[in-house]
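A look at the structure
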Amino acid sequence: MNETLKIAVQKSGRLYEGSMKLLKECGIEVSNGNNQLRVIAANFPVEIFFLRDDDIPEYVQDAVADIGFVGENVVKEKNKEVDIIEKLGFGKCRLSIAIPKTGVLQSLNDLNGKKIATSYPFYSFLFSQRKNIQASIHEISGSVEIAPRIGLADAICDLVSSGSTLFTNELKEIETILFSESILISNKTLTAEKKIILESLRFRLSAVKKAKNNKYVLLNAPNNKLDTIFGLLPGMKKPNNSAISGRRLEFCSFCNKRKRFLECD
Ligand code: PRT
Ligand code: ZN
């Protein structure tokens, strides 16, 4: 039987573009999913399911999808039975505790007996237990940053990336409880055939990662300077050195096309 690997990605939102770009960089051709729940790749045995990010861990746990691209923050909060495979390098942010810039609260210890508003109640609770803070956790689904100003809570626990939302709302970060980025998660009981497809996808992902960390530098230089240049370039291996001495290319000054090789003087 020819199986396909079902990949869950965010339908719209901050992770959608990064997920689709990564699939494209892996050479997987899919249409962009506008108003579709599911698309099948043209050239690789995968199908993409477009879902709300909050639902992805559960769908992967329940094998509605085999794997998913989702924020580590969501995976930690939902606490489902999935395997965390690898980090994907986009959607970076941090989950932090923040308090009003001016006010009586100064540090984590001042949160005892206080209210923390968050969309991450499970992870915030775990953190407060670990730090032995007796705070009450108040779950809200959006606009967490306004909670202290409207008197709903004394502090917040929310995602931060640039920090401008906190700044605009006169809040300051006092503790980061999780550094997060998009990760690849997998169902725990993939068939042997699906595991092979996943391995092949992971091979492509690692090639994309390697390519992002490397640059291809092409330069012409005099022979007597090559050792100095090799010493300066932090390449993976010694750069390739092709001799071009004795010949040079001539380009047409009108169309810029290569005309011929000339012998150097
Ligand atoms: O509709 P759906 O449920 O799928 O999407 P969503 O609205 O729940 O999620 P979305 O698209 O906002 O975020 C998806 C994922 O992006 C999150 O789960 C994180 O993994 C990641 N991510 C990265 C962020 C941010 N950066 C981020 N800055 N998610 C949210 N924010 C918000 C944050 O909540 C706060 O309101 O941006 C604001 C802070 O940003 P700065 O730049 O002002 O600090
Ligand atoms: Zn969501």
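Further up the page is the structure itself.
Residues numbered from 1 in each chain as written. Chains lettered and ligands numbered in written order. Predicted model: local features only at pLDDT ≥ 70, side-chain atom pairs only at ≥ 80, totals over all residues. Heavy atoms only, no water.

**Considering the coordination of the zinc ion (ligand 2)**
Tetrahedral metal sites with four donors have an ideal angle of 109.5 degrees; octahedral sites with six donors have ideal angles of 90 or 180 degrees. Only D53 (OD) and D54 (OD) from the protein coordinate the zinc ion (ligand 2), and they sit 1.9 to 2.1 Å from it. Taken together, the four donor atoms surrounding the zinc ion (ligand 2) define angles of 76 to 169° at the centre, an arrangement classified as irregular. On the accessibility criterion, D53 (19% relative accessible area) is buried. (Donors = N, O, S within 2.8 Å, 3.2 Å for Na, K, Ca; no water. Tetrahedral: all angles 85-135°; square planar, octahedral: opposite > 155°, others 65-115°. Buried < 20%, exposed > 50% of the residue type's maximum accessible area, 1.4 Å probe, protein only.)

**Some thoughts on the sheet that holds strand 10 (residues 171-180)**
Spatial strand order, 8-7-9-6-10: five strands in an open sheet with mixed pairing. Each having just a single partner strand, strand 8 (136-139) and strand 10 make up the two edges of the open sheet. Direction aside, neighbouring strands of the sheet carry axes that sit 25° apart on average. Relative to strand 8, strand 7 (residues 115-118) runs parallel, the two being bridged by four bridges. Residue pairing in the sheet places I116 in a bridge with I137 of strand 8. (Pairing = 2+ DSSP bridges. Helix = DSSP H or I, 4+ residues; strand = E, 2+ residues; numbered from the N terminus. Axes fitted to C-alpha atoms, helices over the stretch in contact; angles between N-to-C directions.)

**Some words on the nonpolar core**
Formed by 27 residues in total, the largest nonpolar core has its most connected members in I7, I28, V46, I48 and F69. Ranked by residues supplied to this core, first place goes to helix 6 (residues 192-213) with five residues. Counting residues in hydrophobic clusters, the runner-up holds 16 residues, among them I99, I133, A135 and A155. (Core = buried A, V, L, I, M, F, W, Y, C linked by side-chain atoms within 4.5 Å.)

**Concerning the packing of aromatic side chains**
Two numbers describe a pair of aromatic rings. These are the distance of the centres and the angle of the planes. Counted according to the given criterion, the structure contains one aromatic pair. Residues Y16 and F50 carry aromatic rings whose centres are separated by 6.2 Å and whose planes lie at 50° to one another, so their mutual orientation is tilted. In this pair, Y16 sits in helix 1 (residues 16-25) while F50 sits in strand 3 (residues 46-51), placing the two residues 34 residues apart along the sequence. Each member of the pair, Y16 as well as F50, is classed as buried. (Phe/Tyr/Trp six-rings, centres within 6.5 Å; stacked < 30°, edge-to-face > 60°.)

**Things to note about helix 4 (residues 121-130)**
Listed in full, the buried residues belonging to helix 4 are Y123, S124, F127 and S128. Buried residues in helix 4, looked at end-on, bunch into an arc of 135°, giving them a common side. Turned more than 90 degrees from where helix 4 packs its buried face, Q129 and R130 sit exposed. On its buried side, helix 4 packs onto helix 3 (72-78), strand 6 (93-100), strand 7, strand 8, strand 9 (155-160) and strand 10. A positive backbone phi angle near 60° is found at N132, which sits one or two residues after helix 4. (Arc of directions from axis to C-beta. Contact = heavy atoms within 4.5 Å.)

**Side note on helix 1**
Because each turn of an α-helix spans 3.6 residues, side chains separated by three or four positions end up pointing in the same direction. Considered for burial, the residues of helix 1 that qualify are Y16, G18, S19, M20, L22 and L23. Contacts made by the buried residues of helix 1 are with strand 1 (5-10), strand 3, strand 4 (67-71) and helix 6. The positive-phi residue at the C-terminal boundary of helix 1 is G27, with phi of around 80°.

**Some details on the sheet that holds strand 2 (residues 38-40)**
Sheets are built from strands that pair by backbone hydrogen bonding, the pairs being arranged parallel or antiparallel. Strand order in the open sheet formed by six strands is 2-3-1-4-11-5, with mixed pairing between adjacent strands. Edge positions in the sheet fall to strand 2 and strand 5 (83-87), since each has one partner strand and no second. Strand-to-strand, the axes of this sheet are offset by a mean angle of 25°, without reference to chain direction. The sheet strands contacting helix 1 are strand 1, strand 3 and strand 4, and the helix crosses strand 1 at an angle near 145°.

**A few points about the site of ligand 1**
Taken together, 22 residues lie near ligand 1, and D54, N73, S162, G163 and T165 sit nearest. Between ligand 1 and Q10 there is a distance of 2.9 Å, counted from an oxygen atom to a side-chain nitrogen or oxygen. At 2.8 Å from an oxygen atom of ligand 1 is found a main-chain nitrogen or oxygen belonging to R14. In isolation ligand 1 offers 830 Å² of accessible surface; the protein chains occlude 77% of this area. For the shell around ligand 1, the elements supplying multiple residues, two or more each, are helix 3, strand 9 and helix 5 (164-168). The leading source of residues in the shell around ligand 1 is strand 9, at three residues. Within the shell around ligand 1, the residues separate by chemical class into five nonpolar, 11 polar and six charged. (Near = heavy atom within 4 Å. Polar contact = N/O pair within 3.5 Å; in protein donor to acceptor, adjacent residues only side chain to side chain. Areas by Shrake-Rupley, 256 points an atom, 1.4 Å probe, with all protein chains shown as cover. Nonpolar A, V, L, I, M, F, W, Y, C, P; charged D, E, K, R; others polar.)

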